[in-house]
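Secondary and tertiary structure notes
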Amino acid sequence: MNNNNTSRIYLARPDIRGQERVYATNALESGWVTTLGPYVEKLEKMLADYVGVESTCATTSGTSAIHLALKLAGVKQGDIVFCQSLTFCASANPIMYEKAKPVFIDSEPGSYNMSPRALKKALELYSPKAVIIVDLYGQSADMDQLLELCAGHNITVIEDAAEALGSTYKGKRCGSFGAYGIVSFNGNKIITCSGGGMLLSNNKERVNKARFWATQSREPVLHYEHKEVGYNYRLSNVSAAIGCAQFEKLEERIASKKHIYDRYEAAFAGLPHLKMLPVMDDRTSNYWLSCVKLSPESKVQPNDIIEALEKNNIEARPIWKPMHLQPLFEDFPFVSHYSTERASVSQEIFDTGLCLPSDTNMSDEDQDRIISIIKELF
Ligand SMILES: *Cc1c(COP(=O)(O)O)cnc(C)c1O
């Protein structure tokens, strides 16, 4: 497909309409172009204040932030780490970097996120060192229930809020639950640095340790002294400059995403076989992607919608394929939400759901076209 094709409607593109050029130019002209600089510090401070945590470390990606969080949790070769199955592979890959063993946990039908019931079952079977809970498509997991289950087990909880910056659970922001949280500034996320991420925690000392690892574990002496394996995981000041401009638009972006969701919801209200991913009463979503699910009786399948839209040069996508169904992870255990070994909630969501175009650059007229193409199928 042609990237310059301006008439194509995308799932979610970067929305670059703020001070990005100004701040990036400032960064370039100031000479602070690499991994140190005022924009990195500014972004770290803004995120800490906004999410409501003590300390943050800006990273090259959300994935590297998860890797650092696992290291902070003390995860080593052979350790068990629980991970939500219904997620993007970046939640689980860092478990493999440390040669630890993932155990995948099913979703609950409501929020698509980790099922407390499946987690409870898994805790009777395994003793994990850490658990990675994901806030999928902009909505928080059921944190109270999940955290309570983990309490007393000596488990480090890592919240993968890569998709949920700005969302809340019972009034608290996503990324602030558990011992460590992470967010992503990848190009398709609600705000972007062109690429980047952030580790968040209330434990300042541990975040400092992560920052040390992220800068090649360079000992604080003049000559280059190293006692531990290190990583080149720090965000550049130019990227952070873009991130600072994007952050100024976060609330506006969430409002635009909600506008898109609300218009889909109103338009599909009359279609009994198509339901929006609901937002639970105790949560607010950043509405990163508008997702829908088809009823089991629906004659229209997710691929029919994806193909009909593609014929009109419009991009829609399936739900993330669950990790326990991935060839990469097929040898690792999976714990279902169901008591019988009936498929799983995550597979049902994968089989019947899809993500609709949720690009904030899209006009209402563009969205109306999408809506009428979908309605025509039913
Ligand atoms: C995007 C994403 C990540 C990884 O973030 P990157 O910045 O792309 O490395 C991790 N987890 C989830 C759920 C994501 O959607």
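This one's a predicted model, so the numbers in the text were calculated from it and none came from an experiment.

Considering the overall build of the protein chain
- Looking only at helices and strands, one finds 12 helices and 15 strands in the protein chain.
- Rg of the C-alpha trace for the protein chain: 21 Å, near the compact-globule value of 21 Å for 378 residues, within the 12% margin.
- Viewed in the frame of its principal axes, the protein chain has a C-alpha envelope of about 70 × 55 × 35 Å.
- Classification of the 378 residues of the protein chain by burial places 56% in the buried group.
- Long-range contacts, defined here as pairs at least 24 residues apart, represent 71% of the contacts in the protein chain between residues at least 6 apart.
- Accessible surface for the protein chain amounts to roughly 16400 Å². Of this, 51% is attributable to carbon and sulfur atoms.
- Within the protein chain, the 46 negative side-chain charges are centred at a point lying 2 Å from the centre of the 40 positive side-chain charges.

A look at helix α8 (residues 237-248)
- For α8, spanning 12 residues, the distance from its first C-alpha to its last is 17 Å, which sits close to the expected 16 Å at 1.5 Å a residue.
- Counting buried residues in α8 gives 11 out of 12 residues, a clear majority hidden from the surface.
- Buried within α8 we find Asn237, Val238, Ser239, Ala240, Ala241, Ile242, Gly243, Cys244, Ala245, Gln246 and Phe247.
- Buried residues along α8 sit against α1 (20-30), α2 (38-51) and α9 (250-268).

A word on the sheet that holds strand β7 (residues 172-173)
- Strand order across the open sheet formed by three strands is β7-β6-β11, with antiparallel pairing between neighbours. The sheet is open, and its two borders are formed by β7 and β11 (283-284), each paired with just one other strand.
- Direction of pairing for strand β6 (residues 168-169) relative to β11: antiparallel, over a ladder of two bridges. Note on β11: the bridge partner recorded for threonine 168 is threonine 284.

Comments concerning the pattern of salt bridges
- Within the structure shown, the criterion is met by 17 salt bridges.
- Between aspartate 359 and arginine 13 there is a salt bridge, with its nearest N and O atoms 2.7 Å apart. In this pair, aspartate 359 sits in the loop between β15 (353-356) and α12 (364-377) while arginine 13 sits in the segment before α1, placing the two residues 346 residues apart along the sequence.
- Exposure remark for arginine 13: the relative accessible area of 35% places this residue in the partly exposed category.

Some words on the packing of α1 against α8
- Where α1 meets α8, the closest approach of the two axes is 8 Å, and the angle between their N-to-C directions is 155°. Between α1 and α8, the angle falls in the class roughly antiparallel. Judged by the twist between their axes, the crossing of α1 over α8 is right-handed. In this structure, α1 contributes Glu20, Tyr23, Ala24, Ala27 and Leu28 to the contact, and α8 contributes Asn237, Val238, Ala241, Ile242, Cys244, Ala245, Gln246 and Glu248.
- Classifying every residue of the contact of α1 with α8 by side-chain character gives nine nonpolar, two polar and two charged.

Here's the deal with the packing of aromatic side chains
- A full pass over the atoms with the stated rule returns 12 aromatic pairs.
- An angle of 10° between the planes, with centres 6.3 Å apart, marks the rings of tyrosine 137 and tryptophan 320 as stacked. Separated by 183 residues along the polypeptide, tyrosine 137 in the loop between β4 (130-134) and α6 (143-150) and tryptophan 320 in the loop between β13 (317-318) and β14 (334-335) bring together distant segments of the chain.
- Its relative accessible area of 2% is what places tyrosine 137 among the buried residues.
- Among the residues examined, tryptophan 320 registers a relative accessible area of 22% and is labelled partly exposed.

Quick look at the domain arrangement of the protein chain
- Partitioning the protein chain into structural domains gives domain 1 (20-247) and domain 2 (250-377).
- Look at where the C-alpha atoms of domain 1 and domain 2 centre, and you get two points 25 Å apart.
- Summing both sides of the interface, domain 1 and domain 2 together bury roughly 4100 Å²; the carbon and sulfur share of this comes to 59%.
- The three residues of domain 1 that bury the most area against domain 2 are Tyr112, Tyr137 and Ile190, which together make up 20% of that side's buried surface.
- Summed over the shared surface of domain 1 and domain 2, the number is zero salt bridges.
- Inspection of the domain 1/domain 2 interface yields 29 residue pairs in polar contact (both at pLDDT 80 or more).
- Breaking the side of domain 1 that touches domain 2 down by element, the ones donating at least two residues are α4 (93-97), β3 (101-105), α5 (116-125), β6 and α8.
- Looking at side-chain class alone, the side of domain 1 that touches domain 2 contains 25 nonpolar, 15 polar and nine charged residues.

Parameters at a glance
- Residues numbered from 1 in each chain as written.
- Predicted model: local features only at pLDDT ≥ 70, side-chain atom pairs only at ≥ 80, totals over all residues.
- Heavy atoms only, no water.
- Helix = DSSP H or I, 4+ residues; strand = E, 2+ residues; numbered from the N terminus.
- Rg over C-alpha atoms; globule rule 2.2 N^0.38 Å.
- Buried < 20%, exposed > 50% of the residue type's maximum accessible area, 1.4 Å probe, protein only.
- Contact = heavy atoms within 4.5 Å.
- Areas by Shrake-Rupley, 256 points an atom, 1.4 Å probe, with all protein chains shown as cover.
- Lys, Arg positive; Asp, Glu negative; His and termini not counted.
- Charge placed at Lys NZ, Arg CZ, Asp CG, Glu CD.
- Expected span 1.5 Å × (residues − 1).
- Pairing = 2+ DSSP bridges.
- Salt bridge = Lys/Arg side-chain N within 4 Å of Asp/Glu carboxyl O.
- Axes fitted to C-alpha atoms, helices over the stretch in contact; angles between N-to-C directions.
- Parallel < 35°, antiparallel > 145°, perpendicular 65-115°, else oblique.
- Left-handed = near helix turned anticlockwise from the far one by under 90°.
- Nonpolar A, V, L, I, M, F, W, Y, C, P; charged D, E, K, R; others polar.
- Phe/Tyr/Trp six-rings, centres within 6.5 Å; stacked < 30°, edge-to-face > 60°.
- Domains from an automatic or database assignment.
- Buried area = accessible area lost by both parts, 1.4 Å probe.
- Polar contact = N/O pair within 3.5 Å; in protein donor to acceptor, adjacent residues only side chain to side chain.

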